[in-house]
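# Per-entry structural report
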Amino acid sequence: MKYVIISDIHGNLEAFQSVLSWIHSYEENDKVVCLGDIVGYGADPGECIELTRGISDIIIAGNHDFAAVGKTDIDFFNPVAKEAAIWTGGILSNEHINFLKSLPLVCETSDVHFVHSSLYNPDEWRYLLSLHNAQIDFQIMKKDILFVGHSHIPLVFEDRNGKINLITDPEINLDQNAKYIINPGSVGQPRDHDPRASFAVFDSEDRYLKIIRLDYNIQKAQMKIKAAGLPEILAERLSYGR
Ligand code: ZN
């Protein structure tokens, strides 16, 4: 099956529109999967929900989706994230709130697992950035491919008979005999020092993965964040991709 995997849009309509133009011109995809955090931080949460629903075959919940609708505790959020979650919850329609509340934490197809944070206790919103945390998820995976979001850092962990490697190449042919945890990066708030929108295409039969980066109108997204009265740091960080 051919997948387009998007994650962590975070209400950034300009970044998402750039990715959507690419998806619409790419005819090979069988399934579009969104790994959560459609909202939070950016100025256009409602529009991003509508567009995500229009294009996605599978959508799972992120911590910011649940935070905006009171379904996860925001006491652990930093002050900026907390302010953005409260602002987002205040402007969503009831229909959008009910939609976000209904999202599942995990999902799977015949050949791939999908989760926002980690398969191990997904509602604890753990970050899969270390070999140790990746190993915990490798041990409970029932399929050999897992896609995760949450950290906003595109990367791949590979498990070859218990030996775990970190791969940062943007284009990989996955080994038939290894297991993989793949993060496609963030559409709307990249944090790997590259400000371009990030997402992935994956062919599960050819076991081919490519992380794609696209430019978008960062200044427009920044102006909307400031005009909305959201914390200015949320606009500034988009310039630096961090
Ligand atoms: Zn996120």
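A brief structural summary. Not measured: the values here are computed from a predicted model. (Residues numbered from 1 in each chain as written. Predicted model: local features only at pLDDT ≥ 70, side-chain atom pairs only at ≥ 80, totals over all residues. Heavy atoms only, no water.)

### As for the sheet that holds strand β12 (residues 208–214)
Let me state the cut-off plainly: Two strands form a pair only when DSSP identifies at least two bridges running between them. Helix and strand labels come from DSSP, where a helix needs a run of H or I of at least four residues and a strand needs a run of E of at least two; each type is numbered from the N terminus.
Read from one edge of the open sheet, 6 strands run β3-β2-β1-β11-β12-β9, paired in mixed fashion. Every other strand in the sheet has two partners, leaving β3 (58–59) and β9 (171–173) as the edge strands with one partner each. Of the strand pairs in this sheet, strand β1 (residues 2–6) and strand β2 (residues 31–34) are connected by 4 bridges, and their pairing is parallel. The residue bridging I6 from the neighbouring strand is C34, located in β2.

### Here's the deal with the nonpolar core
Put simply, the rule is: Here, nonpolar core means buried Ala, Val, Leu, Ile, Met, Phe, Trp, Tyr and Cys residues that are tied together by side-chain atoms lying within 4.5 Å of each other. Three exposure classes are used, based on accessible area relative to the maximum for each residue type with a 1.4 Å probe and protein chains only: buried under 20%, partly exposed in between, and exposed over 50%.
Among the nonpolar cores identified, the biggest contains 50 residues, and V4, I6, V19, I38 and L100 are the most heavily contacted of them. Ranked by size, the runner-up nonpolar core spans 21 residues in total, among them F114, V156, L174 and A178.

### Observations regarding the side chain of S204
Threshold: Whenever two N or O atoms come within 3.5 Å, that pair is a polar contact, provided that in protein one can donate a hydrogen and the other can accept it, and provided that, for residues adjacent in sequence, both atoms are side-chain atoms. We call two residues in contact when some of their heavy atoms are within 4.5 Å.
Within the element layout of this structure, S204 appears in the loop between β11 (197–203) and β12. In terms of polar contacts, S204 uses its side chain to reach the side chain of D111, at 2.6 Å. Leaving out residues up to four positions away in the same chain, S204 has contacts with M1, Y3 and D111.

### Some words on the coordination of the zinc ion
As a reminder, the rule being used: Donor atoms: N, O and S within 2.8 Å of the metal, or within 3.2 Å for Na, K and Ca. Because water is excluded, sites can look incomplete. Under this scheme a four-donor centre is tetrahedral when all angles range from 85 to 135 degrees, a four-donor centre is square planar and a six-donor centre octahedral when opposite donors are above 155 degrees with the rest from 65 to 115, and any other centre is irregular.
Listed as protein donors to the zinc ion are D8 (OD), H10 (NE2), D37 (OD) and H152 (NE2); their distances from the metal cover 2.0 to 2.2 Å. Between the 4 donor atoms coordinating the zinc ion, the angles at the centre fall across 86 to 178°, so the site counts as irregular. Counting along the primary sequence, the residues that act as donors to the zinc ion give the motif D-x1-H-x26-D-x114-H. Of this pair, D8 sits in the loop between β1 and α1 (13–24) while D37 sits in the loop between β2 and α2 (45–55), and the two are 29 residues apart along the sequence. Take D8 and D37: they sit in the same class, and that class is buried.

### Digging into the side chain of K143
As for its position among the elements, K143 is in the loop between α6 (131–140) and β6 (145–148). If near-sequence neighbours (up to four positions away) are discounted, K143 is found in contact with E108, T109, S110, D111, V112, H113 and K179.

### A word on the packing of helix α7 (residues 218–227) against helix α8 (residues 232–240)
Rules: Here an angle of 0 to 180 degrees is reported between the N-to-C directions of two axes, which are lines fitted to C-alpha atoms, with helices fitted over the stretch in contact. Roughly parallel means an angle under 35 degrees; roughly antiparallel means over 145; roughly perpendicular covers 65 to 115; every other angle is labelled oblique. Classes in brief: Ala, Val, Leu, Ile, Met, Phe, Trp, Tyr, Cys and Pro nonpolar; Asp, Glu, Lys and Arg charged; the others, Gly included, polar.
The contact between α7 and α8 brings their axes to 8 Å, and the two run at 170°. Taken as axis vectors, α7 and α8 run roughly antiparallel relative to one another. Residue-level contacts link I218, A221, Q222, I225 and K226 of α7 to E232, L234, A235, E236, L238 and S239 of α8. Tallied by class, the residues present in the contact of α7 with α8 amount to 6 nonpolar, 2 polar and 3 charged.

### Describing the environment of D175
With respect to the helices, strands and loops of the structure, D175 is situated in the loop between β9 and β10 (179–183). Look at D175 and you get partly exposed, because its relative accessible area is 22%. Spatially, the C-alpha atom of D175 lies 39 Å from that of A68, the residues being 107 residues apart in sequence. D175 has contacts with R160, Y180 and R207, leaving out every residue within four places of it along the chain.

### Focus: the packing of aromatic side chains
Here is the rule: Here a Phe, Tyr or Trp ring, Trp counted by its six-membered ring, pairs with any other such ring whose centre lies within 6.5 Å, and the pair is stacked when the planes are under 30 degrees apart, edge-to-face when over 60, and tilted otherwise.
In this structure the tally under the stated criterion is 7 aromatic pairs. Plain terms: the ring middles of F66 and W125 are 6.2 Å apart, the flat faces sit at 80° to each other, and that makes the pair edge-to-face. You can see F66 sitting in helix α3 (residues 63–68) and its partner W125 sitting in the loop between β5 (113–115) and α6, a full 59 residues away along the chain. Take F66: its relative accessible area is 6%, and that puts it in the buried class.

Function cannot be read off these values alone, since they describe shape.
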